[in-house]
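# Observations on the three-dimensional arrangement
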Amino acid sequence: MTLPVPPKSAASAPLRGLNATEALTPLIESIYTSPDITCYVNGKRTIISNPNPHWTLLDYIRAQPDLKGTKLGCGEGGCGACTVVLQVGDRRNEKRRIQHLAVNACLFPLVGIDGKHVITVEGIGNVDRPHPLQERIAKLHGSQCGFCTPGIVMSLYAVVRNSYNPETKKFHLSAHEVEMEGHLDGNLCRCTGYKPILNAAKTFVTEDLKGQLAEEDEPTTADAEKFAKEVVDFIKTSSAGQSKVSCGRPGGCCRDRPSRSGSSSCDSESAPSSPPTEPSSTSDDEHIPAIVDVEKEPQADSDLIGADYAKPMKSKEHSADAETKASTTLAAPAAPSERGVPRIEFQEYVPDAELIFPPALWKYEPQPLCYGNDKKIWFRPTKLEHLVELKDAYPSAKLVGGASEVQVEVRFKNSDFAVSVYVSDIADLKHTILPSDADLENAKELVVAANTPLTELEAICKGVYAKLGKRAMVLEALRKQLRYFAGRQIRNVASLAGNIATASPISDANPVLIAAGATLEAVNKQDGSVDLPMSKFFLAYRTTALPADAAITRIHIPIPAKDTREVLKAYKQARRKDDDIAIVTAAFRIRLDAQDCVEDASIVYGGMAPTTKESPKTQAAILGKPWFHSETLDAALGGLLEDYNLPYEVPGGMADYRKTLTLSVFFRFWHESGVELGLGHVDEQVVDEIHRSISSGTRDDYNPYEQRVVGKQVVHLSALKQCTGEAEYIDDMPRLDRELFGGLVMSSKAHANIISVDWEPALAMPGVVGYIDKNSIPADVNVWGSIKKDELFFANGKILSHGQVIGMVYADTALEAQAAARAVKVEYEVLKPILTIDEAIAANSFFPHGKNLRKGLAIDDKMDEAFAQCERIFEGTTRMGGQEHFYLETNAALSIPSGEDGAVEVWSSTQNTMETQEFVSSVLGVPSNRINCRVKRMGGGFGGKESRSVPFAVYTAIAARKEKRPVRIMLNRDEDMLLSGQRHPFQARWKVGVSNEGKLLALKADVYNNGGFSQDMSGAVMDRCLTHLDNSYECPNVFLRANVCRTNIHSNTAYRGFGAPQGMYFAETIMYNIAEGLGMDIDSLRQKNLYNIGQHTPFFQRIDEDWHVPMLLHQLSKSSDYEKRKSAVQSFNKTNHWKKRGIALIPCKFGLSFATALHLNQAAAYIKIYADGSVLLHHGGTEMGQGLYTKMCQIAAQELGTPLDSIYTQDSQTYQIANASPTAASSGSDLNGMAVKNACDQINERLAPYREKLGPDAKLKELAHAAYIDRVNLAANGFWKMPKVGYTWGDTNWETVKPMYYYWTQGAAASEVELDLLTGDHTVLRSDIMMDVGNSINPAIDYGQIEGAFIQGQGLFTIEETLWHTASGQLFTKGPGTYKIPGFSDIPQIFNASMLRTDNNGKPLSWNHLRSVQSSKGIGEPPLFLGSTVFFALREAVKAAREMNGATTVPGEWNFDSPSTCERLRLAVGDDLIKRAATVKKKGEMPFLTAVA
Ligand SMILES: Cc1cc2nc3c(=O)[nH]c(=O)nc-3n(C[C@H](O)[C@H](O)[C@H](O)COP(=O)(O)OP(=O)(O)OC[C@H]3O[C@@H](n4cnc5c(N)ncnc54)[C@H](O)[C@@H]3O)c2cc1C
Ligand code: FES
Ligand code: FES
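Below: a short report on this structure.

About the thresholds
- Residues numbered from 1 in each chain as written.
- Chains lettered and ligands numbered in written order.
- Predicted model: local features only at pLDDT ≥ 70, side-chain atom pairs only at ≥ 80, totals over all residues.
- Heavy atoms only, no water.
- Helix = DSSP H or I, 4+ residues; strand = E, 2+ residues; numbered from the N terminus.
- Rg over C-alpha atoms; globule rule 2.2 N^0.38 Å.
- Buried < 20%, exposed > 50% of the residue type's maximum accessible area, 1.4 Å probe, protein only.
- Lys, Arg positive; Asp, Glu negative; His and termini not counted.
- Charge placed at Lys NZ, Arg CZ, Asp CG, Glu CD.
- Near = heavy atom within 4 Å.
- Polar contact = N/O pair within 3.5 Å; in protein donor to acceptor, adjacent residues only side chain to side chain.
- Areas by Shrake-Rupley, 256 points an atom, 1.4 Å probe, with all protein chains shown as cover.
- Core = buried A, V, L, I, M, F, W, Y, C linked by side-chain atoms within 4.5 Å.
- Contact = heavy atoms within 4.5 Å.
- Expected span 1.5 Å × (residues − 1).
- Salt bridge = Lys/Arg side-chain N within 4 Å of Asp/Glu carboxyl O.
- Axes fitted to C-alpha atoms, helices over the stretch in contact; angles between N-to-C directions.
- Parallel < 35°, antiparallel > 145°, perpendicular 65-115°, else oblique.
- Left-handed = near helix turned anticlockwise from the far one by under 90°.
- Nonpolar A, V, L, I, M, F, W, Y, C, P; charged D, E, K, R; others polar.
- Pairing = 2+ DSSP bridges.

### Notes on the overall build of the protein chain
- Counting secondary structure elements, the protein chain contains 44 helices and 50 strands.
- At 32 Å, the protein chain has a C-alpha radius of gyration in line with the 35 Å of a compact globule built from 1493 residues.
- The C-alpha extent of the protein chain, read off along each of the three principal axes, is 90 × 80 × 75 Å.
- The 1493 residues of the protein chain split such that 66% are buried.
- One way to put it: in the protein chain the 160 positive side-chain charges average out to a point 2 Å from where the 181 negative ones average out.

### Some remarks on the site of ligand 1
- Close to ligand 1 lie 32 residues, the nearest being Lys398, Leu399, Gly401, Ser404 and Asp508.
- Between ligand 1 and Leu399 there is a distance of 2.6 Å, counted from an oxygen atom to a backbone nitrogen or oxygen.
- Residue Val406 places a main-chain N or O atom 2.9 Å away from an oxygen atom belonging to ligand 1.
- Coverage of ligand 1 by the protein chains reaches 92% of its 970 Å² of free accessible surface.
- Of all the elements in the fold, those that place two or more residues in the shell around ligand 1 are β10 (398-400), α13 (406-412), α19 (496-502) and β17 (551-558).
- Here the element with the most residues in the shell around ligand 1 is α19; it accounts for 5 residues.

### Quick word on the nonpolar core
- Ranked by internal contacts, the top residues of the largest apolar core, which has 264 residues, are Leu744, Val1007, Ile1074 and Ile1169.
- Considering every element that reaches this core, the biggest residue donor is helix α34 (residues 1060-1078), with 10 residues.
- Once residues within four sequence positions are removed from consideration, Leu744 is found in contact with Val805, Gly807, Met808, Ala821, Phe952, Tyr955, Ile969, Leu971 and Leu979.
- If you look at the next biggest cluster of nonpolar residues, it comprises 104 residues, including Leu110, Val118, Phe379 and Phe538.

### Describing helix α12 (residues 384-393)
- Across the 10 residues that make up α12, a large majority, 8, are buried.
- Burial in α12 covers these residues: Leu384, His386, Leu387, Val388, Leu390, Lys391, Asp392 and Ala393.

### Comments concerning helix α22 (residues 630-643)
- Across its 14 residues, α22 extends 20 Å between first and last C-alpha, which sits within 8% of the 20 Å expected from 1.5 Å per residue.
- Among all positions in α22, only Thr632, Leu633, Ala636, Leu637, Gly639, Leu640, Leu641 and Asp643 are buried.
- Looking at the buried residues of α22, the elements they touch are β20 (598-606), β21 (613-614), α21 (616-622), α23 (655-676) and α44 (1472-1477).

### As for the environment of Val715
- Here Val715 shows up in the loop between α24 (684-687) and α25 (719-724).
- C-alpha of Val715 to C-alpha of Gly1187: the two residues are 472 residues apart in sequence and 8.9 Å apart in space.

### Here's the deal with the pattern of salt bridges
- Inspection of the entire model under this criterion finds 82 salt bridges.
- One salt bridge in this structure joins Asp90 and Arg97, with 3.2 Å as the shortest N-O distance.
- Since its relative accessible area comes to 41%, Arg97 is described here as partly exposed.
- Residues Asp1083 and Arg1086 are paired through a salt bridge, measuring 3.3 Å at the closest nitrogen-oxygen approach. Residue Asp1083 and its partner Arg1086 are both found in helix α35 (residues 1082-1089); the two are separated by 3 residues, about one turn of the helix.
- The exposure class of Asp1083 is buried, given its relative accessible area of 10%.
- Classification of Arg1086 by relative accessible area gives buried; the value is 2%.

### Some points on the packing of α22 against α23
- Where α22 contacts α23, the axes come no closer than 10 Å and their chain directions differ by 155 degrees. Compared by their axis directions, α22 and α23 come out roughly antiparallel. Handedness of the α22/α23 crossing: right-handed. Counted together, Ser630, Leu633, Ala636, Leu637, Leu640 and Leu641 of α22 and Lys659, Thr662, Leu663, Phe666, Phe667 and Trp670 of α23 form the full contact between these two elements.
- Partitioning the contact of α22 with α23 into residue classes produces 9 nonpolar, 2 polar and 1 charged.

### Brief notes about the pairing of strand β18 (residues 566-574)
- With 9 of 9 residues buried, β18 lies mostly within the body of the structure.
- Every second residue of β18 is oriented toward a common face, with Glu566, Leu568, Ala570, Lys572 and Ala574 on one face and Val567, Lys569, Tyr571 and Gln573 on the other, all of them buried.

### A word on the sheet that holds strand β35 (residues 931-935)
- Taking strand neighbours across the sheet as the criterion, the 8 strands line up as β24-β28-β22-β36-β33-β34-β35-β44 in an open arrangement whose pairing is mixed. Pairing within the sheet leaves two strands with one partner each, and these edge strands are β24 (768-773) and β44 (1212-1213).
- The pairing of strand β34 (residues 904-908) with β35 spans 4 bridges and is parallel. Note that in β35 the partner of Val904 across the bridge is Ile931.
- Contacts from helix α31 (residues 950-963) reach β22 (740-746), β24, β28 (805-811), β33 (892-897), β34 and β36 (967-970), with the element oriented near 30 degrees to β33.

### As for the packing of helix α16 (residues 454-468) against helix α17 (residues 473-483)
- α17 packs onto α16 with a crossing angle of 145 degrees between their chain directions and a minimal axis gap of 8 Å. As for how α16 packs across α17, the hand of that crossing is left-handed. Residues Leu454, Leu457, Glu458, Cys461, Lys462, Val464 and Tyr465 of α16 form the contact with α17, whose own contacting residues are Met473, Leu475, Glu476, Leu478, Arg479, Leu482 and Arg483.
- Partitioned by chemical class, the residues of the contact of α16 with α17 number 9 nonpolar, no polar and 5 charged.

Given below as structure tokens:
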């Protein structure tokens, strides 16, 4: 065994004069003699000897060929895609305890797994034998693109495992626990809208079992009862008609026994769904058996039928019987069930059958570890004295606790930390020892071990507070901060010491600790133990008083004596309530004397200065004053403004908001403390913060239009593979021989001239093979673009946007390539960037576009006449921000050169195989027929991979050709956010004229979008915006002008909705302005202006018989009880001063087709039937989670009269389908579905004679075989082009002009919100959405699209805000840390979705006139806009607040732009605190951050 060699000069100036080798070698030789990490991985004993010291746990896991389920989504702990579970044995007391900790593998140091059991998604089940969690998420449609799914499965797995007590054999899990402990707050999903995942989680909740199977420890609360009923109802509805359906909860379900095995589900004999586990007598080094018994015959599962068809067929599927069985399952459910209602049955969850903690680990004694190389070295001491020795020998060694801060610095700030020391396995540091109850009673402090995991600390605080009550208020305040501190995965391993030592000004714990008067205990060799008061610990930005050679060992948190009249509270405000760093965070402590005067005070803020800071002026202003007196409050507020007088340009921005929050949270505290101390009565609503419980809601699951296959709620065909981690994305594909990885060299400037590029330093780095840039391809092919070729693959002399690609380094590993890319030196001459639409207008910086829409008098340029006819005219400027796609899988590509004829196989995470093929062919100088572009699935696309995925495929192809080796790339999250563009920010300068009754008469608008530095699809996005600016309203005279701004931000691109949400948003804003101007009810105004059949849009498309918006509004209004709730909102607002509610019911009409690119409205499909009756299907569409493959297989199965699981689609590729249109514009199902149908029609025609001959019941296998023998072609190429459409811009002849859209997908939604006026926090109390989807091909998939799009829209219009650093033009929001998409708790508290089925009289509707496939409608994009109901409801709440505060609500005098972030909401309230906090902008000052709309 060779011991690792420490880096020679790790620190530039070693503190004690010795370099790392000299200082550390003696310790390595004497103490740290083992370089081996000993652990278990999925039940298998594993020794990792001297691993790569740069690896995180995720790097190690993903380097294993069979462990690709754990994903890299962000690398910074912000998405949860990398979640794995650490099974840890706690030997502290006699009762051995096993904990299951969900952790972010992307941050967790590999060294930390020594002595632990790592469980990844592969370890708990597979497609043949899924874990009940995996099965339920799949069956309940909780996985769409699937990239987030393994991480979510593992977070839930930890919850489920921790809910079982093996000693008492009790399983207990309540909804309250899931919410309160934030088990899911560290996981993001961009596709599903979370509802189906929560439904799956709820099937494990046992709180309603009331002792029948799992005894209740606590009384069932009203909430719990409601929740429990919902679970039962949910299962019941889902299983209507079936009396014996297991709801699958732990221990079995009492309602439906005997179980399907015929025995009681309590019966120990019954086959567990979980894998067999090791007997407890396993010897130390025994290998725990693999959890999957591959020998066993997989279970047939009708609900997941087809799901396993992407793997080789099983023998049973070859038999004729099997076909009959599968066919029967789809045609007529085996058990009697009401037609049109899906039947869901779960395997029982048997906690005892879970993977056990390896007995060998109980006996494992962790030893000091050390591994690494001469660049980086890791130490893992197990005793405090070893750590002290180490720090003494080499003070620059970096201590690492949970690594949640350190690893972010390594990854994003290029920090090296050549000597790292993992301290969280030192018992003295990780275990907080609580005093006995008796000692606790009189305790003056709680002593917390420095590296106690935060989740454990949360539990300790909760426990001690429960025992000591208000005396331990400081612990309750700390617990409250910890609940909303990072995500659960981080809290499970991160420490208080780590938080304190980081000295972040926005730390959530530090204000509480300072306010409480906490003291740190630190230890070093020279001084032994030293005390450091927290109040003096922070010296400057991220600088502390901790000696370099010391480690924090304990934190002493004072607990006041029993009768002290003291209150301590903490507050935090962030962009998103869960898992977000604070904008302002605070803790306040006051102690009163007997006269209720302030005896002592500590008023501490984070986020208001470079360090966490006490407020000297405020404290002085209140000392000795009567606390609960308004003058004291006033003096305190005045003091705060002096303490925190932020300038307009303050780093971090938001000066007004941060100052207002400073006052607001103090104001809240003043009231809250008054109540606590019994000083008087206050309005509870000043004190109450917004709280969200777990969302619930319904789907209308009955589908009267269900056919044999089409119309059924078939589970996404990849769902189970996604839930088990078997689904392969590009970066999961097995490594190829001699494969290389690309690392991009990107511009750090937004606008500049390149003076020089020096790539030599990169080439000298380990593993680096080469570099490509503009010189690697001919200049004339260094250009691309979807519509206009105006963008360079590699920058050539000029930089037009932050992040623009200059070159690509390629190396043996991704880490090496990325490190080398950072070593390329680029010199710039910096130029001033144009960022915003306003700046572009001022600089006349536009792309040529020039399209406009004219209707009525506008055609003859007579808009003045039109306005002259109007009784009232309103004008305004409305803005709307962009949106980051935030698909969970970043862009990835893999190019494999064939070695012959210049052919290359290009795997790409793209929605656009044709364009990828075209540009790879162009740069390589070979015809398209040599380039096979393939895509199996994407981890989300949403338009972001329609064009902007192309360059990455091109870069890998160039390098692959050059080196004759496969080259792969997968972007880091920040790279992806810089390069892939976003939804366009928009601005409209509008003027509208109406009659006194509110009839729309004239509308004129100049519409601008921010295209970024190249055109991409900005023009087409603008066109769709203009053609949706009417939403659902008729206006006789319309003049809309389009302007596409050229700026120095990334090139904006397609994003779900493609300009339509922006157009409809403008329409609705205008409607609100009219209603407010006329003093009219907004809903009456809408009704008055809704289109009628026969009227025409501004582009002269006739509103035809398929017009259902009035019906949708009527039915949704009724089903959501809208009118009644609207009055209730008004009453609420009259009586509440600190919270306001708002409600909005809004329609949407969305045009289907590629509107301005007629040629894209075509599709092809290729069907081959093999002689055994199995069918191979290819079509031009790509699968990005939207369920296209599932729908296409359903159509083929329906048309060919064969079971769904005999149809197989492996991938989409240009060698099978030529000239495929991008999968976009919600037209994937329409176009490809019709092409599939066309191919089936051709084959059916050829098979007709055999059907006649062999009879109507003949199976496809028999037909195919007979036809084959007769030499009939069993392959068919289907094709379809959309008829009817073909609008020509500028054609104003409404009688002859062709329609722009094939049909409209329509919908309506109603949302009700509650807004906290003091902070700008809000919650969505309820949303109801109803969509007209025609005859849905697969309602489950369509519901997934509806709910997912709604939540994406909600994010767009509320919390998602893209910001740029004003001075440099750099993108500021380039990761989940700064850019917030909705999480589990952000979705509506009640979230109901339904589909339009009947007219207002209950008569079934028919969509037969549609001529779309199966009379269905495209649904991917349309519901997204309806997320704006949340925005408009918030606008109503703000308006109510403004009215209360006497602020103007007159149109034109106030603006409320999208997104409605907490900052915008708070600043719009119009109260005195805002006025007091307002910052005066000095001449020439610029905001620190800029939104570019
Ligand atoms: C996605 C994400 C979300 C986050 N959200 C929040 C949030 O909401 N609120 C918040 O306040 N913070 C947040 N953080 C920051 C971070 O998680 C916390 O600061 C955490 O407490 C750090 O603990 P750790 O054990 O992981 O520290 P590490 O990363 O291991 O170490 C951090 C620093 O502490 C030092 N250190 C660790 N242990 C000791 C010791 N015993 N003695 C001396 N020095 C020591 C290390 O040397 C290092 O300098 C977030 C981080 C991420 C990545
Ligand atoms: S990849 Fe680890 S949290 Fe996102
Ligand atoms: S299914 Fe969750 S991100 Fe796609």
